[in-house]
Amino acid sequence: MAKFPKNFLWGGATAANQVEGAALEGGKGLSTADVQTCGGMSRFTVELPGVPPQYAEYFKKMRYVTYRMGEKEGAAIALKSVTYPKDGAVPAQVENEYYPTMKASDFYHHYKEDIALFAEMGFKCYRMSIAWSRIYPTGQEMTPNEEGLTFYDAVFDECRKYGIEPIVTLSHYETPLALATAWNAWADRRTIDCFERYVHTVFERYKDKVKYWLTFNEINAIVHSGFMTAGVFSDDPQLIEQAAYHQMVASARVTAYAHRHYPQFKIGCMISYAPPYPHTCNPEDGLESVRSFDVFTNYYGDVMVRGYLPEYKLRSLERRGIILPVQGDDLKELQQGTVDFVAISYYQTSIAAASTEGLKTTEANLTRQVANPYLKASEWGWQIDPVGLRYGLNLLYDRYHKPIIIVENGLGAKDVLETDETVHDPYRIDYLHQHIAELEKAINIDGVDVFGYTPWGCIDLVSCSTGQMSKRYGFIYVDADDAGNGSYARIRKDSFYWYKQVIANNGLPDDTDSQK
Ligand code: BGP
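Worth saying up front: this structure is predicted, and the values here are computed from it rather than measured. (Residues numbered from 1 in each chain as written. Predicted model: local features only at pLDDT ≥ 70, side-chain atom pairs only at ≥ 80, totals over all residues. Heavy atoms only, no water.)

> Where do I start with unusual backbone geometry in this structure?
Apart from glycine, the bulk of residues carry a negative phi angle, and the bulk of peptide bonds sit in the trans form. The phi dihedral of A22 falls on the positive side, at around 45°, and the residue is not glycine. Secondary-structure assignment places A22 in the loop between α1 (16-19) and α2 (53-60). Of note, E421 is a non-glycine position whose phi angle comes to about 60°, a positive value. Here E421 is to be found in the loop between β14 (404-408) and α14 (426-444). (Helix = DSSP H or I, 4+ residues; strand = E, 2+ residues; numbered from the N terminus.)

Laid out in structure tokens, this is it:
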């Protein structure tokens, strides 16, 4: 089996809110993630109007956002903004609800042990995020929280000790909650200033410890959940579009700033990548495939990589009566703040159909979509498409010709901890094996410039869509259940030893390849 490029960045990925816990320790303020429940465990019931009963069951298992409205308390489905109350509701923690991010995997207290385990696997890099509310608890302070800064100093030092390159997301699905309750966070332009203040602080503080930065995690996911991604507790398309726009202006601004002040930095954007196949060769399906890819995915990359607002988007906004809050030098800033590389999450492809009536659907990352009859699915209904990774990488590289890093990919599954403290996860090894094999072809056969691969949730953590611990992705098992019970001990799964071999071999080892 051909090898990967020399210095290829093998590693793993996590996000602060899903792994750290200690949500109110060390001076941290609550974030938007900390008012989200664990799927299926809430005392509230949220109806999703117009959804057939077989799917309604699925949505009930998703995470809720709890809120207060005067004397009343309630909940909405985090990933379904149509369930958000119309007016006057304030997202908040309420009595008798369990919020899994408060403890998560307790990385805050275990980081030394966890990074040592990453090093044992041979990680070359670790993709993680900084919790903004650990540095600026409400987002509006003028001076940072020193204890929060010290924590990440310690984390980066620990990584460096083992030669692990940190790849740091500045905003991964968590905005200080106070910004959401004050003015719907990113829907308001003032959040750009707050974000800039935070980013300038961490750039300066960690300039000798961090080289790779990502601005916003899965920035395009905002169409599914304005609250989760941008602190917008509303389904008003005007607010959602302006929040995404503000994030892209902020991304450009901090990217240009980094290029001016820290030329050693490499800044990337991060996009949730689920490239569509046309449902049939009917020209209308083909057209829908181009259209949906542009609207849901390419728009964001086009702005952050190419530096301008594309025509197709401007026309579609115009048709919907939405006005982007373009001000002053924004357009020049977008042009001058283009990124150095493109990061993606890849879990599945999608299907574009001119009409979805009567078509079978399935769950996917953050959404439900038309099912592909050629593919199998995970226990959570996410379809598995390793060839789709090669397909997507080719499309992405053709479009931008920028270096690419895959910062999320992986299989969420229920693992069993055996009495002898082992976890046998051949399904995960198989999934990753197939994706790495296609990635290798994209690099060596197609010439796509991919410089790293960090499978999602390298250590078990809280699921973003469901809030469960039992939806596990890790090479390392964390002994905790959905309600936060357990010893939180770390246990190496079979995939841990397998991935260690992959990294040591800089590619799939011949013996594992011959098993295929
Ligand atoms: C992506 C998010 C991650 C992560 C992953 C897996 O959308 O960027 O934060 O959680 O999906 O999703 P889930 O946890 O819902 O299985």
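> So what exactly am I meant to see when it comes to the sheet that holds strand β5 (residues 125-129) here?
For sheets, the rule is that strands pair by backbone hydrogen bonds, running either parallel or antiparallel. The eight strands lie next to each other as β1-β5-β6-β7-β8-β10-β14-β15, forming a closed barrel whose pairing is parallel. On average, each strand axis in the sheet is tilted by 30° relative to the strand beside it, whichever way the strands run. In this sheet, strand β8 (residues 266-272) lies alongside strand β7 (residues 212-216) in parallel orientation, the contact comprising three bridges. Across the sheet, residue L214 finds its bridge partner in β8, namely G268. The sheet contacts of helix α7 (residues 190-205) involve β6 (165-171), β7 and β8, and relative to β6 the element is tilted by about 165°. Helix α10 (residues 283-306) contacts β8 and β10 (341-345) of the sheet and is inclined by roughly 170° relative to β8. (Pairing = 2+ DSSP bridges. Axes fitted to C-alpha atoms, helices over the stretch in contact; angles between N-to-C directions. Contact = heavy atoms within 4.5 Å.)

> When you look at the packing of aromatic side chains in this model, what are you seeing that I'm missing?
Two measures describe an aromatic ring pair: the distance that separates the ring centres and the angle between the ring planes. The tally for this structure, following the rule as stated, stands at 42 aromatic pairs. With centroids separated by 5.3 Å and ring planes inclined at 90°, the aromatic side chains of F341 and F451 adopt a geometry described as edge-to-face. Within this pair, whereas F341 is found in strand β10, its partner F451 is found in strand β15 (residues 450-453), the two being separated by 110 residues in sequence. Using a relative accessible area of 3% as the deciding quantity, one classes F341 as buried. (Phe/Tyr/Trp six-rings, centres within 6.5 Å; stacked < 30°, edge-to-face > 60°. Buried < 20%, exposed > 50% of the residue type's maximum accessible area, 1.4 Å probe, protein only.)

> Looking at this structure, I do not really get the site of the ligand. What am I missing?
Taken together, 15 residues lie around the ligand, and Q18, E218, C464, S465 and Y473 are the ones closest in. Note that an oxygen atom of the ligand is positioned 2.8 Å from one of the side-chain N or O atoms of H172. A distance of 2.5 Å separates an oxygen atom of the ligand from a polar atom in the side chain of Y473. Look at the ligand: alone it shows 380 Å² of surface, and the protein chains cover 100% of it. Broken down by class, the residue content of the shell around the ligand amounts to six nonpolar, six polar and three charged. (Near = heavy atom within 4 Å. Polar contact = N/O pair within 3.5 Å; in protein donor to acceptor, adjacent residues only side chain to side chain. Areas by Shrake-Rupley, 256 points an atom, 1.4 Å probe, with all protein chains shown as cover. Nonpolar A, V, L, I, M, F, W, Y, C, P; charged D, E, K, R; others polar.)

> What is the right way to look at the side chain of K209 in this model?
Along the chain, the position of K209 falls in the loop between α7 and β7. Engagement of the side chain of K209 in a polar contact is seen with the side chain of D153, the distance being 2.7 Å. In this structure, K209 is in contact with D153, F156, D157, R160 and P166, ignoring residues within four places of it in sequence.

> Where do I start with the pairing of β15 in this structure?
Look at any regular strand and the pattern is simple: side chains alternate between the two faces of the sheet. The pairing of strand β1 (residues 9-13) with β15 spans two bridges and is classified as parallel. Across the sheet, L9 pairs through a bridge with G452, a residue of β15. When β14 meets β15, the two strands line up parallel, connected through three bridges. If you follow I404 over to β15, its bridge partner there is V450. Between the parallel pair β14 and β15, the chain is carried across by α14, and the sense of this crossover is right-handed. (Right-handed = clockwise from strand over helix to strand, strands pointing away.)

> Quick question: what am I supposed to make of the side chain of Q36 here?
Positionally, Q36 belongs in the loop between α1 and α2. Overall, the relative accessible area of 1% leaves Q36 in the buried class. In this structure the side chain of Q36 is engaged in a polar contact, spanning 3.2 Å, whose partner is the backbone oxygen of T32. In this view, Q36 contacts R63, Y64, V65, A78, Y98, Y99, P100, F227 and M228; residues no more than four positions away in its chain are not counted.

> Looking at this structure, how should I read the packing of α7 against helix α9 (residues 237-261)?
The axes of two packed helices give the description: the angle between them and the distance between them. In the contact formed by α7 and α9, the axes pass within 10 Å of each other and the chain directions differ by 30°. When the axes of α7 and α9 are compared, the pair comes out roughly parallel. Remark: the crossing between α7 and α9 carries right-handed chirality. In contact with I192, D193, F195, E196, V199, H200 and F203 of α7, α9 contributes H246, V249, A250, R253, V254, Y257 and A258. Per-class residue counts for the contact of α7 with α9 are nine nonpolar, two polar and three charged. (Parallel < 35°, antiparallel > 145°, perpendicular 65-115°, else oblique. Left-handed = near helix turned anticlockwise from the far one by under 90°.)

> Looking at this structure, I do not really get the packing of α14 against helix α15 (residues 494-505). What am I missing?
Put simply, α14 and α15 touch, their axes get as near as 9 Å, and they point 25° apart. Compared by their axis directions, α14 and α15 come out roughly parallel. Crossing of α14 against α15: the hand is right-handed. Contacts from R428, I429, L432, H433 and I436 in α14 reach D494, S495, W498 and V502 in α15. Looking at the contact of α14 with α15 residue by residue, the class counts come to five nonpolar, two polar and two charged.

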